[in-house]
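# What the coordinates show
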Amino acid sequence: MSHELTVDSERVDDTPLLIAQQAHMGLPELLDAHFPAHGNRQGLSLGWLTTVWLSYTLSQGDHCLSHVQPWARQRLAMLQQSSRQVVSELDFTDDRLADILTALSDDTQWQAFEVALNQCLLRVYDLQGGPVRLDSTTAAGYWTVTEDGLLQFGHSKDHRPDLPQVKVMLSTLDPLGLPVVSQVVAGNRADDGLYVPAVAQVRAAVGRRGLLYIGDSKMGALDTRAYVQAGGDYYLCPLGQVQLPGAKLAEYLAQSPAAPVSVSRETADDGEELLGSGWEVTEQLRASVAGQPVQWTERRLLFRSLALADKATRQLQANLTAAQAELAALTERKRGKKVLREVHELQMAAQTILERYQVAGLLHVTYTEHRTTQEVRAYRDRAATLRTATSVSLQVSVDHAAVHAYEQTLGWRVYATNQPAAQLSLAQALLAYRSEYLIEHGFARLKGRPLALAPSYLHSEARVKGLVRLLTIGLRVLTLLEYTVRQGLTRSHTTLSGLYPESPRRTSAQPTAERLLAAFKGVTLSVIHLPGQLHHHLTPLSELQQRILTLLDLPADTYSRLTIPSQNSS
């Protein structure tokens, strides 16, 4: 036969869903509007090329530039039908993808894009102005350090101080953990100075005041708190020892009320778990912002966590036991071990142990000097003499009263806020701060699968910055996908089943984006070539897959359109 039947199969999986999700967010149009391409550019626009690249990254868990073109080559029909764009393999060369990163590295254009994107998402998804969380992380790589460059050695949150790193500051919106603003700065920058610029960018991006900003103790600098206050917003953060010396904490603890406020949280089985108790005091603060004086009343929330106190108490008891054992061993005689014969030598060695285990003042240590006289017998022409030998010993006992008093100071943290108690009670503040896992979950996605910021094999600092920004867009896609499905399940009081192949009967009302995307694994498009004919066949979607698309409110033809040949098909 001169003409034979041929079949080309393309793995579709979750790619059409991801492209449709990004189109629903308005990403292609916003990217094209804020990062205009050169007039001679041909092929896919920057916005659509970025959309497809992000779909690849989120689907495959890989952002490597050189891997995208082979992937796209095997899926051209699907990509063309999903995007409704003319798609060519040459759109996905390394050079074109690198151009995206260079464009995203422009600070002015990126900030304008983030403002427009946030306004679009807040409107489309009807997001309320919940608390904004601020935190930073680092990503290390095998990069070259340049003076005053972006890639620097610094305090590593990945425990890799031997590698250069970049620092990423994220501002996310509760309750979904949606990134609102991202900052990419040098890896040796201190966190303290990143909060004020982050708050300023959030204000510009969201266009609202009266928001609550939540951060860790590095946000507690007086200048940062004053800046938030002066702008008509609120803050909530723990105070470190710099902002709250130990003597001031002791003064607060001495004011303990007869009936402190108990704080509990709901458990998964509709019960309650007691977290701890506390009370609050107020302080009048003064500072200067842009040369203008600022005065306000700050609430300081003293809270003793039962779990933290229990952990600290057990650690204290372990330290006391270990310190006593090491102190007792100081005077043991062993081969090769220096013998301590003077009281001051023994005291110095004992003090080192007490400080190392942080139990000074909790153990009573008494020192005793022993002198013994021995007769040295006569030998040849030497007469018998008396020799005095000196030795020292110590006795250790626990000061139980001091230990008990010290245990009462364990487990305490002091949180500062300027939001009135009528709007944010002590219990609400503590529970709000304990939801810090929302932003940590975002960091885990950014640095692990599927976004996999590290490892990065880029050498240009501009492209490293562009890559971080590209992946923060991907983080937004995942966050909104997850949030939309969970909200839909909550409204309908239903759950999803079939997300866990290893446990078919298991259901979930809070599915992760990763589980939702994995549910589309195995969907395949077959393009059948016959003489003068072209047919498309798509793996029928399961009930679970159809329901996920409905919950996401994506177009009904997100997958079915793949079976309709486009005018560019051949």
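Here, every reference points to the structure presented above.
Scoring rules and cut-offs
- Residues numbered from 1 in each chain as written.
- Predicted model: local features only at pLDDT ≥ 70, side-chain atom pairs only at ≥ 80, totals over all residues.
- Heavy atoms only, no water.
- Buried < 20%, exposed > 50% of the residue type's maximum accessible area, 1.4 Å probe, protein only.
- Helix = DSSP H or I, 4+ residues; strand = E, 2+ residues; numbered from the N terminus.
- Pairing = 2+ DSSP bridges.
- Expected span 1.5 Å × (residues − 1).
- Axes fitted to C-alpha atoms, helices over the stretch in contact; angles between N-to-C directions.
- Contact = heavy atoms within 4.5 Å.
- Core = buried A, V, L, I, M, F, W, Y, C linked by side-chain atoms within 4.5 Å.
- 1 Å grid on protein atoms, 1.4 Å probe; cavity = no way out; pocket = protein on both sides within 12 Å on 5 of 7 lines; lining within 4 Å.
- Points joined across faces, edges and corners; volume = space filled by probe spheres on them.
- Nonpolar A, V, L, I, M, F, W, Y, C, P; charged D, E, K, R; others polar.
- Salt bridge = Lys/Arg side-chain N within 4 Å of Asp/Glu carboxyl O.

Of all 9 residues making up strand 2 (residues 132–140), 9 are buried, and the element is well covered by its neighbours. The side-chain alternation of strand 2 yields two buried faces, one formed by Val132, Leu134, Ser136, Thr138 and Ala140 and the other by Arg133, Asp135, Thr137 and Ala139. Judged from the 9 bridges that link them, strand 2 and strand 3 (residues 165–173) form a sheet pairing that is antiparallel. Bridge pairing links Ala140 to Gln165 in strand 3. Inspection of the sheet shows strand 2 paired to strand 5 (residues 212–214) by 2 bridges, in the parallel sense. From the neighbouring strand, Val132 faces strand 5, where its bridge partner is Tyr213.

What follows covers helix 11 (residues 306–329). Spanning 24 residues, helix 11 covers 35 Å between terminal C-alpha atoms, matching the ideal 34 Å at 1.5 Å per step. Of the positions making up helix 11, those classed as buried are Ala309, Thr313, Leu316, Asn319, Leu320, Ala323 and Leu327.

Glancing now at the sheet that holds strand 6 (residues 234–238). Here 9 strands make up an open sheet; going across it, the order is 4-3-2-5-6-12-9-8-7 and the pairing mixed. Because the sheet does not close on itself, it has two edges, and the strands there are strand 4 (178–186) and strand 7 (261–266). Across this sheet, the average inter-strand angle for adjacent strands is 30°, counted without regard to direction. Against the sheet, helix 8 (residues 195–206) contacts strand 2, strand 3, strand 4 and strand 5, and its axis sits at roughly 140° relative to strand 4.

Grouped together as the largest cluster of nonpolar side chains are 128 residues, with contacts concentrated most on Leu17 and Ile548. When near neighbours in sequence (up to four residues on either side) are disregarded, Leu17 contacts Leu481, Leu517, Phe520, Ile548, Leu549, Leu552, Leu554, Thr558 and Tyr559. If you look at the next biggest cluster of nonpolar residues, it comprises 19 residues, including Leu320, Tyr357, Leu363 and Leu410.

Moving on: the layout of surface pockets. Over the atoms a probe the size of a water molecule is rolled, and this reveals where empty space is left. The volume enclosed by the largest pocket comes to roughly 440 Å³. The wall of the largest pocket is formed by 16 residues, among which Pro175, Leu438, Glu482, Arg486 and Gln510 lie closest to the centre. Taken together, the elements giving at least two residues each to the lining of the largest pocket come down to helix 15 (437–447) and helix 16 (461–492). Residue contributions to the lining of the largest pocket peak at 7 residues, all from helix 16. Looking at side-chain class alone, the lining of the largest pocket contains 6 nonpolar, 7 polar and 3 charged residues.

Our next topic: the pattern of salt bridges. Scanning all chains against the criterion turns up 28 salt bridges. Two residues, Glu436 and Arg133, come together in a salt bridge whose shortest N-O distance is 3.1 Å. Placement of the pair is Glu436 in the loop between helix 14 (426–433) and helix 15 and Arg133 in strand 2, with a sequence separation of 303 residues. Pair check on accessibility: Glu436 and Arg133 agree, each one buried. Asp191 is the partner of Lys157 in a salt bridge, and the nearest nitrogen-oxygen pair spans 3.2 Å. Taken together, the residues span a long stretch of sequence, with Lys157 in the loop between strand 2 and strand 3 and Asp191 in the loop between strand 4 and helix 8 at a distance of 34 residues. Residue class for Lys157 comes out partly exposed when judged on its relative accessible area of 28%. Asp191 gets classed as buried once you look at its relative accessible area, which sits at 6%. Salt bridges sharing partners connect three or more residues here, namely Lys157, Lys167, Asp191, Asp216 and Lys218.

All we've got here are geometric facts, nothing functional implied.
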